[in-house]
Amino acid sequence: MAEAYICAAVRTAGGRRNGRLSGIHANDLGAKALDAVVARAGIDPSVIEDVIFGCVTQAGEQAGQFGRMAVLASGLPDSVPAVTIDRQCGSSQQAIQFAAQAIMSGTQDVVIAAGAESMSRAPMGSNYLPGSGISPISDAIKQKYGVKGFSQFIGAEMVAKKHGFTRDDTDAFGVESQRRAAAATEAGAFKDEIVPVEIVTPEGETEMHVTDEGIRPGTTREALAGLKTMAEGGILTAGTSSQICDGASAVLVASAEAVKRYGLTPLARIHNLTVTAGDPVIMLEEPLFATDRALQRAGMKMADIDLYEVNEAFASIPLAWLKHTGADPDKLNVNGGAIALGHPLGATGTKLMTTLIHGLKARNKRWGLQTMCEGGGVANVTIIEMA
């Protein structure tokens, strides 16, 4: 089977809700990542055979085949096709896996996997037609699982309770995420992965957005302890949950033949692609079991992996993942995670892959693992080997 290589990986710096990136149309935000990944790879955009675009809230500005609109807003030629996919928070991680599958099967040679989400302009849940009385979950499903609906917030609290985590545990994790993100930013760790985005400030001045807007340096456990929990009787707060975020990201995936033909420089080889599904009620616990399966299929042990990116949807998820896998916490989300850096839904998969690749490169390490909890009880795991 052919090998699939990631030859470029970029992301925008995250923007807070109604913050510095909120003035940019979602199509244009996605286009920024597409143009940047093509430029970074140094490839003729006309040879790109497909763009697989992750986007969760496909409503308003993000409706109407969002991936194709992002291509049309970019400098890519009209001849480049695109498709939009929704695997909830794992949408653009699945885009990477679909791109790799196309290349490993010999079907295509150069594919971009990307994601974008303007959560300011297309608010989470707006595609559910709020106020209409329409539900995306049928009565038959509700009866089958004995619920009124599925909730990521309830699932996150269920994970915390099942694995025995306290409010202090999750607050401590939230503080550490902020500390690591602030330290990484101060050290310039994100400099090579972030694509500058030109914005217009409220004062009418033009600036480049190059720093993740959600980081709160100096966050303390005492400060987080004063926050109200999201659910009555729960332990999770806004300080231990992923931040609403605007952002875009992209990776370029190519075959060995394309690498040679176009003079590309591989950053990483995709070693394993895994996706599993489980209980849709507890929902967010599936990365634990998906990781077990991925390591088994890859013939690897957790100790073989040098860095891990586990999406911080809520602090309870990476904490449960660490407990279940026995992984080294010093290798987890070493530059902070979504609690500090934001979680732009459909963009987060390729965003985390970008950060993972650059983190491994900076440390001269070999193996990386990325996993994501997703709505409906699904999880993706991708294992890469640095080139």
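The name recorded for the chain in an unreviewed UniProt entry is Acetyl-CoA acyltransferase/thiolase family protein, from Hyphomonas johnsonii MHS-2. Of the comments in the UniProt record for the chain, the one headed Sequence similarities (unreviewed entry) reads "Belongs to the thiolase-like superfamily. Thiolase family."

Draft legend 1. Geometry of helix α1 (residues 26-41). Over its 16 residues, α1 runs 23 Å from end to end, which matches the ideal 22 Å to within 8%, given 1.5 Å per residue. Considered for burial, the residues of α1 that qualify are Ala26, Asn27, Leu29, Gly30, Ala31, Ala33, Leu34, Ala36, Val37, Val38 and Ala41. Where α1 is buried, its residues meet β1 (4-12), β3 (50-54), α2 (66-73), β5 (110-118), β6 (194-195) and β9 (245-255). After α1 finishes, the residue Gly42 shows a positive phi value of roughly 70 degrees.

Draft legend 2. Inspection of the environment of Thr240 at higher detail. Relative to the elements of secondary structure, Thr240 occurs in the loop between α7 (221-225) and β9. Assessed through its relative accessible area of 0%, Thr240 is described here as buried. Taking the C-alpha atoms as reference, Thr240 lies 23 Å from Leu369; in sequence the two are 129 residues apart. Thr240 has contacts with Thr170, Asp171, Gly174, Leu224, Ile235, Phe314, Ala315 and Ile339, leaving out every residue within four places of it along the chain. Only 2.9 Å separates the side chain of Thr240 from the backbone nitrogen of Thr237, close enough to count as a polar contact.

Draft legend 3. Molecular detail of the packing of helix α5 (residues 152-162) against helix α10 (residues 316-325). Interhelical geometry of α5 versus α10 gives an angle of 35 degrees and a closest axis separation of 9 Å. Here α5 runs over α10; the crossing is left-handed. Within the contact between the two elements, α5 uses Ala156, Val159 and Ala160 and α10 uses Ser316, Ile317 and Ala320. Partitioning the contact of α5 with α10 into residue classes produces five nonpolar, one polar and no charged.

Reading guide: rules and limits
Residues numbered from 1 in each chain as written. Predicted model: local features only at pLDDT ≥ 70, side-chain atom pairs only at ≥ 80, totals over all residues. Heavy atoms only, no water. UniProt positions renumbered as here; feature names shortened; annotations may be inferred. Helix = DSSP H or I, 4+ residues; strand = E, 2+ residues; numbered from the N terminus. Expected span 1.5 Å × (residues − 1). Buried < 20%, exposed > 50% of the residue type's maximum accessible area, 1.4 Å probe, protein only. Contact = heavy atoms within 4.5 Å. Polar contact = N/O pair within 3.5 Å; in protein donor to acceptor, adjacent residues only side chain to side chain. Axes fitted to C-alpha atoms, helices over the stretch in contact; angles between N-to-C directions. Left-handed = near helix turned anticlockwise from the far one by under 90°. Nonpolar A, V, L, I, M, F, W, Y, C, P; charged D, E, K, R; others polar.

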